[in-house]
Amino acid sequence: MARTELTLTSSVPLRGSEARMPVLGFGVYQIDRPDCAAACLRALSAGYRHIDTAQIYQNEEEVGAALRCCGLPREAIFVTTKIRYPRLGKGKTYLRALQSVRKIDPRDDGYVDLFLVHSPHALKPKDRKELWLALEKLHAEGRIRAIGVSNYQPEHLEEMKGYATVWPPAVNQILLHPWTQQRETVDYCNEHGIILQAFSPLARGMKLREPALVGIAEKVGKSPAQVLIRYCLQKGWVPLPKSEKEEHIEQNADVFCFSISQDDMATLDGLDRRQGPKFE
Ligand SMILES: NC(=O)c1ccc[n+]([C@@H]2O[C@H](COP(=O)([O-])OP(=O)(O)OC[C@H]3O[C@@H](n4cnc5c(N)ncnc54)[C@H](OP(=O)(O)O)[C@@H]3O)[C@@H](O)[C@H]2O)c1
C-alpha cells in the first residue's frame, strides 16, 4: 500500500499471526499507573487501536483495564508487551511472560497480540535464548499472536538463528526518528521482512524546535510532532508516540490527511547523526 493512502485504520500483516497490526500505536512508557487506563481510553476514543506497553512500565494491568471498559471488542485492539529479564529456574521465564498475558487479558483464553524480548543488551546469549524460547512456547499455545524483539541489532538477529524455531521475528522495535535512523539495522530488517516499530518517534519531545523540522511543519500546516509521526509512516515504520495530553493524543493521530514531499523527506533523512543509540 502506498503510504500516502494510509488511514488511521490501516494495518499490516504480521508474520506468524492472523492478526494485523495497526500502523499507528500509542506508547505508554512513563505513564503512571493511576493515569494509564484514562490515557489509553483517550487514545482509543481518538481512534488508536494499538497500545504498546512492557513489563517494566508497570502498567500492563491498567492497559488491560482500559481494554475491558472501552466498549470495543477485544479483537479490535492490538496490544504489545515486552519482557526484559529472564527468571532463574525451570519454566519461570515462561510463567513471568504468561503473567503479562493474564494482566492484559485475564480471560481463560486471553491473549496478547505481540510480545517482544525487550532488549538484548546487558544479557548473556543464554538469557536471550531463554526469553525467546519462552515466547515461542506461549505463541505455540495461542496465548501470543505474534512474537518479536526490540533493540536488536543485526548481530543479535543473526545469533537467534542458532536457537530460534520461529525466525525471523515478526517485529523489531527500535529507536527511530530523523536524528537516529539506525540504517544498518533498518536495512537488515527490510531485507528479512521484519516489520520495524519506531519507538520514541518524537525524539521524546527534545527536537520539536529544530529549524529544519519547524520549516517543514509550517509548509504542510501541521505541528512538528505530526511531521515526525508522518515521517515514520512514510518510511514504512510503525510509530508509537506517547502522550498523556488529550490535545497531543488527538493531534498525533491526525497524520493521515497530508504527506511530506520527497524533497522534505530527504531533508529529514539528512538530519541523521549516524550514531547508534547508547545502551547500558
Ligand atoms: N522498546 C523500547 O526499549 C522502548 C524505549 C522507549 C520507548 N518505547 C515505546 O515508545 C513509546 C514512545 O516513546 P517515548 O515515550 O520515549 O517518547 P516519544 O513518543 O518520542 O515522546 C514523548 C514526549 O513527547 C511529548 N509529546 C507527545 N505528543 C506531542 C505533541 N503533539 N506535541 C508536543 N509534545 C508532544 C510527550 O509529552 P506529553 O505527554 O505531555 O504530551 C512526551 O514528553 C513509549 O511510550 C514506549 O511505548 C519503547
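Calculation notes
Residues numbered from 1 in each chain as written. Predicted model: local features only at pLDDT ≥ 70, side-chain atom pairs only at ≥ 80, totals over all residues. Heavy atoms only, no water. Helix = DSSP H or I, 4+ residues; strand = E, 2+ residues; numbered from the N terminus. Rg over C-alpha atoms; globule rule 2.2 N^0.38 Å. Buried < 20%, exposed > 50% of the residue type's maximum accessible area, 1.4 Å probe, protein only. Contact = heavy atoms within 4.5 Å. Areas by Shrake-Rupley, 256 points an atom, 1.4 Å probe, with all protein chains shown as cover. Pairing = 2+ DSSP bridges. Axes fitted to C-alpha atoms, helices over the stretch in contact; angles between N-to-C directions. Near = heavy atom within 4 Å. Polar contact = N/O pair within 3.5 Å; in protein donor to acceptor, adjacent residues only side chain to side chain. Nonpolar A, V, L, I, M, F, W, Y, C, P; charged D, E, K, R; others polar. Arc of directions from axis to C-beta. Patch = residues over 30% accessible without salt bridge, like charges linked within 9 Å, V, L, I, M, F, W, Y side chains within 5 Å. Salt bridge = Lys/Arg side-chain N within 4 Å of Asp/Glu carboxyl O. Lys, Arg positive; Asp, Glu negative; His and termini not counted. Charge placed at Lys NZ, Arg CZ, Asp CG, Glu CD. Phe/Tyr/Trp six-rings, centres within 6.5 Å; stacked < 30°, edge-to-face > 60°.

Chemist: Would you mind showing me how to read the overall build of the chain here?
Modeler: From N to C terminus, the chain includes 10 helices and 10 strands. In terms of overall dimensions, the chain is globule-like: its C-alpha atoms have a radius of gyration of 18 Å, near the 19 Å expected for 280 residues. When its C-alpha atoms are laid out on the principal axes, the chain stretches across 55 × 45 × 35 Å. When the 280 residues of the chain are sorted by exposure, 56% land in the buried category. Within the chain, counting contacts between residues at least 6 apart in sequence, those at least 24 apart form 72% of the total. With an accessible surface of roughly 12,700 Å², the chain has 48% of that area assigned to carbon and sulfur atoms.

Chemist: It is not clear to me how the sheet that holds strand β9 (residues 195–199) should be interpreted in this structure. Could you clarify?
Modeler: The strands that make up a sheet are held in pairs by hydrogen bonds between backbone atoms, and each pair lies either parallel or antiparallel. The strand order across the open sheet built from 8 strands is β3-β4-β5-β6-β7-β8-β9-β10, with neighbouring strands paired in parallel fashion. Strand pairing shows two members of the sheet lacking a second neighbour, β3 (26–27) and β10 (238–239), which therefore form its edges. Across 5 bridges, strand β8 (residues 171–175) lies against β9 in parallel orientation. Bridged to I174 within β9 is A198. Helix α4 (residues 125–140) contacts β5 (78–83), β6 (112–117) and β7 (144–150) of the sheet and is inclined by roughly 165° relative to β7.

Chemist: Can you walk me through the site of the ligand in this structure?
Modeler: Near the ligand there are 28 residues, and of these D52, R204, S243, K245 and H248 occur at the shortest range. Interatomic distance of 2.6 Å between a side-chain N/O atom of D52 and an oxygen atom of the ligand. At 2.7 Å from an oxygen atom of the ligand is found a side-chain nitrogen or oxygen belonging to K245. Relative to its unbound accessible area of 910 Å², the ligand is 87% covered by the protein chains. At 3 residues, the largest contribution of residues to the shell around the ligand is made by helix α9 (residues 246–253). The class makeup of the residues in the shell around the ligand is 11 nonpolar, 11 polar and 6 charged.

Chemist: Where do I start with helix α6 (residues 183–191) in this structure?
Modeler: For an α-helix, the turn length of 3.6 residues means that residues three or four places apart are oriented alike. Buried residues of α6: T185, V186, Y188 and C189, and no others. Buried positions in α6, seen along its axis, are confined to an arc of 165° and lie on one side of it. Structural note: α6 exposes E184, N190 and E191 on the side pointing more than 90 degrees away from its buried face. Along its buried surface, α6 packs onto α5 (154–160), β8 and β9. Just beyond α6, the residue with positive phi is G193, at close to 70°.

Chemist: Would you mind going over the side chain of N172 with me for this structure?
Modeler: Considering the arrangement of structural elements, one finds N172 in strand β8. Every residue in contact with N172, bar those within four places of it in the chain, is listed here: V149, S150, N151, Y152, L157, T185, C189, I194, I195, L196 and Q197.

Chemist: Honestly, a negative patch on the surface in this entry has me stumped. Any pointers?
Modeler: Among the surface-exposed residues, E155, E184, D187 and E191 lie close enough to one another that they form a single negatively charged patch. Of the residues forming the negative patch, the biggest block, 3 residues, is contributed by α6. Tracing the chain through its elements places E155 in helix α5.

Chemist: How should I be thinking about the packing of aromatic side chains in this particular structure?
Modeler: The description of an aromatic ring pair uses the distance of the two centres, along with the angle that the planes make with each other. Summed over the entire model, instances satisfying the criterion amount to 3 aromatic pairs. Both rings, one in F26 and one in Y48, keep their centres 5.4 Å apart while their planes meet at 65°; by these two values the pair is edge-to-face. Here F26, found in strand β3, pairs with Y48, found in the loop between α1 (33–45) and β4 (50–52); they are 22 residues apart in sequence, far enough to count as distant. The two residues F26 and Y48 agree in class, both being buried.

Chemist: What is the right way to look at the pattern of salt bridges in this model?
Modeler: If the charged atoms of two oppositely charged side chains come close together, the side chains can form a pair. Evaluated as defined, the whole model comprises 15 salt bridges. Salt-bridge contacts for K235 lead to D269; the nearest nitrogen and oxygen are separated by 2.9 Å. With K235 in helix α8 (residues 224–235) and D269 in helix α10 (residues 262–269), this pair connects stretches of sequence that are 34 residues apart. For D269, a relative accessible area of 22% puts it in the partly exposed group. Residues participating in the shared-partner salt-bridge network are R74, D105, R107 and D113.

Chemist: I'm lost on unusual backbone geometry in this one. Help?
Modeler: Leaving glycine aside, a negative phi is the common case for residues, and trans is the common case for peptide bonds. In the segment running from W167 into P168, the intervening peptide bond is cis, with an omega of 0°. Within the secondary structure layout, P168 lies in the loop between α5 and β8. Not every positive phi belongs to a glycine, and Q58 is a case in point at roughly 55°. Locating Q58 in the fold gives a position in the loop between β4 and α2 (60–69).

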